[in-house]
Amino acid sequence: MTATLAGRTVLVTRPAHQSAALVQAIEAAGGHAYAFPALAIEAVPVAELGASLAQLRAADSVIFISPNAVQFGMAAIRAAGGLPAAAEVYAVGPGTARALHEHGISEVVVPPGHDSEALLALPQLQHVEGRRVTIVRGVGGRALLAETLAARGAQVHFVECYRRLRPQTDAAALRA
């Protein structure tokens, strides 16, 4: 039996640049999608990433947290000369891995789960003493991955390549 959304309105709060596929799926199932982004994503200017991009050049491992981290991080990383040739590249989940593949990075380690805990369970990240790990993420991202890797002896750095913002929206239409 196919699920239907006929007669239903679904509020889609994803960022505007990421909502199209969900809106299409809702409408294909007979529903009405109301796009009302509750979050906006913007790149951190490359000029603000200078020190973190310099640290990236020495990384043994580079971890991408999300498709946004790939989109905004790879733009900055390419502008700075690219990923270190010998670095292992990790993706938190399959969507992030797909985004890396779209950027031409074919060798990506992906855990069977879709979160930091699954990534931390990988055998490759159990013994990281002295390794230089760069985490590509949004400003102020979750601390678990960095804290755990540092506790295991890694030198952890960040490339915080995007910001989450509250978009300027008119809630009057939503209330109506």
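Here the structure is shown first, and the text comes after it.
The structure displayed is predicted, hence computed values, not measured ones. (Residues numbered from 1 in each chain as written. Predicted model: local features only at pLDDT ≥ 70, side-chain atom pairs only at ≥ 80, totals over all residues. Heavy atoms only, no water.)

### Observations regarding the pattern of salt bridges
Going by this rule: Salt bridge criterion: a side-chain nitrogen from Lys or Arg within 4 Å of a carboxyl oxygen from Asp or Glu. Where helices and strands are cited, they refer to DSSP runs of H or I of at least four residues and of E of at least two residues respectively, numbered from the N terminus. Three labels apply to residues, based on accessible area from a 1.4 Å probe with only protein chains included: buried if under 20% of the type maximum, exposed if over 50%, partly exposed otherwise in between.
Across all of its chains, the model carries six salt bridges by this definition. Residue Arg 163 pairs with Glu 42 through a salt bridge whose shortest N-O separation is 3.7 Å. With Arg 163 in strand 7 (residues 155–165) and Glu 42 in strand 3 (residues 40–43), the pair connects residues that are 121 residues apart, well separated along the chain. What makes Glu 42 partly exposed here is its relative accessible area of 34%. Residues Arg 137 and Glu 160 are paired through a salt bridge, measuring 2.7 Å at the closest nitrogen-oxygen approach.

### Focus on the nonpolar core
Stated formally: To qualify as a nonpolar core, a set must consist of buried Ala, Val, Leu, Ile, Met, Phe, Trp, Tyr and Cys residues joined through side-chain atoms within 4.5 Å. Should any heavy atoms of two residues lie within 4.5 Å, those residues are counted as being in contact.
Phe 64, Leu 100 and Val 136 are the most contacted members of the largest nonpolar core, which totals 26 residues. Within the residue set of this core, elements represented by two or more residues are helix 2 (50–56), strand 4 (61–64), helix 3 (67–79), strand 5 (88–91), helix 4 (94–102) and strand 7. At six residues, the largest contribution of residues to this core is made by helix 3. Setting aside its immediate chain neighbours within four residues, Phe 64 contacts Ala 69, Val 70, Met 74, Ile 77, Leu 83, Val 89, Tyr 90, Ala 91, Val 92, Thr 96, Leu 100 and Val 136. Judged by nonpolar contacts, the second largest core, of 15 residues, contains Tyr 90, Leu 119, Leu 125 and Ala 146.

### Quick word on the sheet that holds strand 7
Applicable threshold: Whether two strands pair depends on DSSP finding at least two bridges between them. Whenever a helix is involved, its axis is fitted only over the stretch in contact; in every case the axis is a line through C-alpha atoms, and angles between N-to-C directions fall within 0 to 180 degrees.
With mixed pairing, the five strands of this open sheet are ordered in space as 3-7-6-4-5. Unpaired on one side and paired on the other, strand 3 and strand 5 mark the two borders of the sheet. Within this sheet the neighbouring strands show an average axis-to-axis angle of 25°, counted without direction. Where helix 3 meets the sheet, it contacts strand 3, strand 4, strand 6 (132–138) and strand 7, and its direction lies at approximately 110° from that of strand 7. Across the sheet, helix 6 (residues 144–151) is in contact with strand 4, strand 6 and strand 7; its angle to strand 7 comes to roughly 175°.

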